[in-house]
Amino acid sequence: MSSLSLDLLRTFLAVHRTGSITAAAQTLGLSQPAVTAQVKTLEAALDRPLFDRLPRGVAPTPAADELARRVAPGLDSLDEVVASELPSDEAVHLGGPAEFLSEVVMPMLAPLVRDGLRLRVSLGLSDDLLNDLAAGRLDLVLSTIRPRLRGVRADPVYDEEFLLVGAPGAGPSAKRLPAAGPPPQPLVAYAEDLPIVRRYWRTVYGRRPSMTAQVVMPDLRGVLSAVRAGMGVSVLPSYLCRRDLAAGTLVTLAEPEEAPINTGYLAVRSGAQARPAVARVREHLVRELRAAQSF
């Protein structure tokens, strides 16, 4: 072990944590062939296979799990030492969903920024951001899925509530939307497979939605704008449409006894929270998001 390059071990750990050569290459800033070559070099040095190749990604062998268990604490501790020697004004790198960070999180962080915090924000899907977190490209991630990556700690910090909404006059009987069949107006959705609408329909009506979207836009703020303009109806998180509901430019189209919710997590890479700036941001967000409870 003493003759192995730290670069080989870091690359191995990134592949082990992300479960993908491609994801590890992206998070390390290396080419996919370079990551593959480093894994093969390490396998040759240890004279044992470390990963089984799958149609999508890789699966660690028992030898890989044992190696990761042995080297991860040391590499994470080394990263802590290096981070502690960096300038105190080093930026904190935060990732999360574009809409939630823009509408909820950024205002919460304003006091820290005014106090000198340097912040760099990455927007995207939870899976991609968590892979970046595990490989060290991000310090903190707000995730809409429960993280299950090695070397990543996650705490539930908020619940987002979903509402079926439309512009005033979206249906002749807005409070009694039928359990089956399409809504009274065209559907506006975030994606073709209706992930948010599907969750709502299953929770409220006990079945999958049978309709298809007439308008698809992969940004919930764009969906909100389309619904507000009268293009159709949609399911949106309450934090995004609460101002419109208060102003009367949107109305809820159903009043279920229990509104569908999704739990959000604040994830941090092992070792990163030893940095004072990261710990400060994490503690602040945990406190503020839990105080608000739901959105």
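In the block above lies the structure referred to throughout.
The rules behind the values
Residues numbered from 1 in each chain as written. Predicted model: local features only at pLDDT ≥ 70, side-chain atom pairs only at ≥ 80, totals over all residues. Heavy atoms only, no water. Helix = DSSP H or I, 4+ residues; strand = E, 2+ residues; numbered from the N terminus. Buried < 20%, exposed > 50% of the residue type's maximum accessible area, 1.4 Å probe, protein only. Axes fitted to C-alpha atoms, helices over the stretch in contact; angles between N-to-C directions. Parallel < 35°, antiparallel > 145°, perpendicular 65-115°, else oblique. Left-handed = near helix turned anticlockwise from the far one by under 90°. Contact = heavy atoms within 4.5 Å. Polar contact = N/O pair within 3.5 Å; in protein donor to acceptor, adjacent residues only side chain to side chain. Pairing = 2+ DSSP bridges.

Observations regarding the environment of Leu289
Mapped onto the elements of the fold, Leu289 is located in helix H10 (residues 276–292). Classification of Leu289 by relative accessible area gives buried; the value is 0%. C-alpha of Leu289 to C-alpha of Val104: the two residues are 185 residues apart in sequence and 8.9 Å apart in space.

Some thoughts on the packing of helix H5 (residues 98–114) against H10
Remark: H5 packs on H10, axes separated minimally by 10 Å, with the N-to-C direction vectors making an angle of 120 degrees. Between H5 and H10, the angle falls in the class oblique. Handedness of the H5/H10 crossing: right-handed. Touching Phe100, Val104, Val105, Met108, Leu109 and Leu112 of H5 are Arg280, Val281, His284, Leu285, Glu288 and Leu289, all from H10.

Notes on the side chain of Thr18
Looking at the secondary structure, you find Thr18 in helix H1 (residues 6–18). Judged by its relative accessible area of 12%, Thr18 falls in the buried class. Within the structure, the side chain of Thr18 is placed 2.8 Å from the backbone oxygen of Ala14, a separation counted as a polar contact. Sequence-distant contacts of Thr18, defined by excluding residues within four places in its chain, comprise Ala23, Ala24, Asn131 and Leu149.

Some points on the pairing of strand S9 (residues 234–237)
Across the two faces of S9 the burial is the same, with Ser234 and Leu236 and Val235 and Pro237 all buried. For strand S6 (residues 152–166) and S9, the ladder comprises four bridges, and the chain directions are antiparallel. When the bridges of S9 are listed, Leu164 appears paired with Val235.

Here we look at unusual backbone geometry
Even without a glycine there, the phi angle at Asp47 is positive, about 60 degrees. Structurally, Asp47 is set in the loop between helix H3 (32–46) and strand S1 (51–53). In this structure Asp47 comes out as exposed when scored by relative accessible area, which is 70%. At Leu194, a residue that is not glycine, the phi angle is positive and equals roughly 55 degrees.

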